[in-house]
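Fold and geometry: a report
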Amino acid sequence: MKVLVCGGAGYIGSNMTAMLREAGHEPVVYDNLSSGHQKAVKTADFVKGDLADFDMLVKILTYKQIDAVMHFAAFIEVSESVENPLEFYRNNVCNTHTLLAAMEKCNIDKFVFSSSAAVYGTPEKTPITEDAATNPINPYGQTKLAVERMCHCQSQTGRLKYAALRYFNAAGAGADGSLGEDHKLESHLIPLAIEAALGKKDEIKIFGVDYPTDDGTCIRDYIHIEDLCSAHLLALEKLNYENELIYNLGNGKGYSVQQVIETVKKVSGKNFRVVNDLRRAGDPPILTADATKAIEGLGWEVKYPELEAIIETAWKWHSENPNGYAD
Ligand code: UDP
């Protein structure tokens, strides 16, 4: 299939683009480079464009004869979404509306959407199944849920088939070692701990040590980037005969912030300073996935069930690319 990968120059989108190509598809990356890196696009046509630009989208979808769209181009930082909700709604919701409208105009009906565990808010029980209540506790999660609802309504018309993939914590680097995580403003735990291990930062802060967990720090479910992308590939294929797919993508296993930091120390062989800090706004205490539905419904197989193996791939990329894609 010819697949438009919106946000294909970013962390998840660039890995997805590489995997699409490997699987015999023809990816075309559409990215405004607001946070992505053109160097991360190695095996696809690249179009610099904005999702707000309806005419440009229609042109590209038509000219490139696109069959399906994957959408990774969103703002992702929870605390920023609390500070600047209108920007998040504009980019994550309004621009996705523009994209869906352009697809409708071009009669393209297959759409794979990056959703998030943030749609669940603070879940009543973990691991979380897809039928759990959706009660996002921050604007970021609300924007993801708003897009899921927009897709649902559009799918009811028969003009859209979509997969909403609810990511838990994406981590690690592509196995050939060339596609890692390089956010302009890094906020994620694993890359920040690695930066501390590399001596690029003096310390790592733990945001909250008074959560109702064994060691008082938040628990998250880390899923390797390649495992995440392989589920997208399977979902894309399944849209040939299904209209509406919603899946959790996680390992089902939780690790605390403290455990992640200890694992980064072990994998890197470096010690670094760890400082206990206050809670970060919008963080639920525990998020772990029940991914049975994706495993059974997609035939999804996870290659990296262990945190240590995931962190090893991240450590390798960051230690080989200490300046990210800047070199
Ligand atoms: N976290 C932390 N220190 C940091 C960055 C993150 O303690 O410097 C915590 C954060 O509060 C959350 C967990 O690590 O509990 C994972 O955060 P991340 O931003 O990596 O992913 P999120 O779960 O927000 O998607």
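Look a little higher up for the structure.
Here's a quick rundown of the structure. Just so it is clear, the model here is predicted, and its values are computed rather than measured.

Around the ligand there are 15 residues in total, and Leu189, Lys205, Phe207, Arg280 and Asp283 lie nearest to it. Within the backbone of lysine 205, one N or O atom sits 2.7 Å away from a nitrogen atom of the ligand. One nitrogen or oxygen atom from the main chain of phenylalanine 207 is found 2.9 Å from an oxygen atom belonging to the ligand. For the ligand, whose accessible area on its own is 520 Å², the fraction buried by protein is 89%.

This next bit is on helix α2 (residues 54-63). Residues Leu57, Val58, Ile60 and Leu61 constitute the buried set of α2. Looking straight down α2, one finds its buried side chains confined to an arc of 165°; they lie on one side. Seen from the open side of α2, the exposed residues pointing more than 90 degrees away from its buried face are Asp55, Lys59 and Tyr63. In this structure, the buried residues of α2 make contact with β1 (2-6), β2 (26-31), β3 (45-48), β4 (68-71) and α4 (85-105).

Glancing now at the nonpolar core. Inside soluble globular proteins, nonpolar side chains tend to come together where they are buried. Ranked by internal contacts, the top residues of the largest apolar core, which has 30 residues, are Ile12, Met16, Leu20, Met70, Leu165, Leu249 and Trp300. Apart from residues lying up to four places away in sequence, isoleucine 12 is in contact with Phe72, Tyr167, Ala170, Ile225, Leu228 and Cys229.

Thresholds applied
Residues numbered from 1 in each chain as written. Predicted model: local features only at pLDDT ≥ 70, side-chain atom pairs only at ≥ 80, totals over all residues. Heavy atoms only, no water. Near = heavy atom within 4 Å. Polar contact = N/O pair within 3.5 Å; in protein donor to acceptor, adjacent residues only side chain to side chain. Areas by Shrake-Rupley, 256 points an atom, 1.4 Å probe, with all protein chains shown as cover. Buried < 20%, exposed > 50% of the residue type's maximum accessible area, 1.4 Å probe, protein only. Helix = DSSP H or I, 4+ residues; strand = E, 2+ residues; numbered from the N terminus. Arc of directions from axis to C-beta. Contact = heavy atoms within 4.5 Å. Core = buried A, V, L, I, M, F, W, Y, C linked by side-chain atoms within 4.5 Å.

By themselves these figures say nothing about function.
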